[in-house]
Amino acid sequence: MRILLLGASGYVGGALWSDWSVRHTVVGTRSARAVPGLIPLDLRDVGALRTLLLDGGFDLVVHAAGLVDLADAERRPDLAMELNAGSVQTLREAVRGTGTRILLLSTDNVFDGVADVYTESSARAPVNAYGRSKSVAEDFLAGEDGHLVVRIPLVYGRSVFADRFMARFDRPRTAARTDVVCAPLYLPWLAGALEELWDGEGVFHLGGAQVVTRFELMAGVRDALDLPTEVVAVRGDDPAPAPRRPARLVLRSERHRLLGPGLDQALADLRRHRVTGR
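Residues numbered from 1 in each chain as written. Predicted model: local features only at pLDDT ≥ 70, side-chain atom pairs only at ≥ 80, totals over all residues. Heavy atoms only, no water.

Novice: If you had to explain the side chain of Arg30 to someone new, which residues and values would you point to?
Specialist: Relative to the helices and strands, Arg30 is located in strand S2 (residues 25-30). No salt bridge forms around the buried Arg30; measuring N to O, its nearest opposite-charge neighbour Asp42 is 11 Å away. Contacts of Arg30, omitting those with residues within four sequence positions, involve Ser9, Val35, Leu38, Ile39, Pro40 and Leu41. (Helix = DSSP H or I, 4+ residues; strand = E, 2+ residues; numbered from the N terminus. Buried < 20%, exposed > 50% of the residue type's maximum accessible area, 1.4 Å probe, protein only. Lys, Arg positive; Asp, Glu negative; His and termini not counted. Salt bridge = Lys/Arg side-chain N within 4 Å of Asp/Glu carboxyl O. Contact = heavy atoms within 4.5 Å.)

Structure, rendered in C-alpha cells:
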C-alpha cells in the first residue's frame, strides 16, 4: 500500500507511522514541530494539501491530524471545525475520481454518553465542540463510495513522537475521573486492527475489551510501571468553558469481531516493553 498519513507526528499518528512504515510505503505529514522524515503541512493550506494528494499517487489517505484536545477545541470551536472537518471536505473533493480512498479516524465523542453501548448504527449526539467537529467530518464522507470512518475511544500506551498519554504521569499529581467510563484502546494494537478494516467502507467502531473508569485506567498504568505520580480520584465536570465529557462511551461493533486487549494484557505488554527498551 502507498499511504498518505496526515498527522504522523501526533500521538496516534506516530504509532501508525512506526508500525506501517515497516510493511508499506508511508508518506507522513507533521505540524510545525520538526520531525525528521515527515513533510510539514498546515491542514488549512488547501493548495498544499491538494498538491500533495495529486502528486503522490496514494492508495489510501489516513486522516489522523487535527485539533484533538477537547479543552482546546472548546476554547476554539471554529478552529476545531476548520482543522477536523474542513480538511476532510478538501480531501474528499481532491481524491474524487482518482481511486484514492480516505480513512478518517473519528471519535466516541460523537455520542452523548447516556447509553450503555454504542454501535455503528447508534444515533450521534455530540455534547462538546470536538465531537461536533468530528460529526461534521464524518458527514463529508457519507455516501461517498470506498471511504471509511473508524471511530476510536480513549487511547493509551506509548508513542514515538508525541507521547501525550504518558506525559500525564510526568506531574506529581494527575486527576482522573471516577464517573467517566470507557473501553480504552491500547495504542500498539491499533495499526494492525486498521489494516484489517481498511478494505471495507462506511463506519466502523474499534474498542478495548475491558470497560473501566478513567481513574481505573490511570491508576493501572501508574501501578504497572511503578510511577511516582499520585493519581487523584475526581468527579464531575470542570467549570465552563471546559468541555463536557460524556459519562459512558463504550464502543462495540456490529460489523466485525475485532476487540482490543484487556487492561491486564495491555499493561503487561507496556511493562515488558519498558524493561526491554522496545
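Now that the structure is up, let's keep going.
Novice: Describe the packing of helix H1 (residues 11-20) against helix H6 (residues 187-197), and please don't skip the residues or the numbers.
Specialist: Closest axis-to-axis distance for the H1/H6 pair is 9 Å, and the angle between their directions is 65 degrees. Read as a crossing pair, H1 and H6 show a hand that is right-handed. Judged by residue contacts, Tyr11, Val12, Ala15, Leu16, Asp19 and Trp20 of H1 engage Leu187, Leu190, Ala191, Leu194 and Glu195 from H6. Residue classes in the contact of H1 with H6 are distributed as 9 nonpolar, no polar and 2 charged. (Axes fitted to C-alpha atoms, helices over the stretch in contact; angles between N-to-C directions. Left-handed = near helix turned anticlockwise from the far one by under 90°. Nonpolar A, V, L, I, M, F, W, Y, C, P; charged D, E, K, R; others polar.)

Novice: How would you explain the nonpolar core if you had to name every residue and give the values?
Specialist: Residues Leu16, Trp20, Val150 and Val221 are the most contacted members of the largest nonpolar core, which totals 50 residues. Once residues lying within four places of it in the same chain are set aside, the contact partners of Val150 are Leu103, Leu104, Leu105, Ser106, Leu194, Leu197, Phe204 and Leu206. Judged by nonpolar contacts, the second largest core, of 30 residues, contains Leu53, Phe58, Ala94 and Leu141. (Core = buried A, V, L, I, M, F, W, Y, C linked by side-chain atoms within 4.5 Å.)

Novice: Summarise the packing of aromatic side chains; cite the residues concerned and give the values.
Specialist: Summed over the entire model, instances satisfying the criterion amount to 5 aromatic pairs. Pairing Phe111 with Tyr118 gives two aromatic rings, centres 4.4 Å apart and planes at 20 degrees, and the pair type is stacked. Judged by centre distance (6.2 Å) and plane angle (55 degrees), the rings of Tyr156 and Phe165 are tilted. Take Tyr156 and Phe165: they sit in the same class, and that class is buried. A network of ring pairs unites the aromatic residues Tyr156, Phe165, Phe169 and Tyr186 as a single cluster. In this structure, Arg255 is placed above the aromatic ring of Phe204, and the distance from its NZ or CZ to the ring centre is 3.9 Å. (Phe/Tyr/Trp six-rings, centres within 6.5 Å; stacked < 30°, edge-to-face > 60°. Lys NZ or Arg CZ within 6 Å of the ring centre and 35° of its normal.)

Novice: Can you explain the pattern of salt bridges? Please cite residues and give values.
Specialist: According to the stated counting rule, one finds 16 salt bridges in the structure shown. A salt bridge links Asp163 to Arg158; the nearest nitrogen and oxygen atoms lie 3.6 Å apart. Using a relative accessible area of 38% as the deciding quantity, one classes Arg158 as partly exposed.

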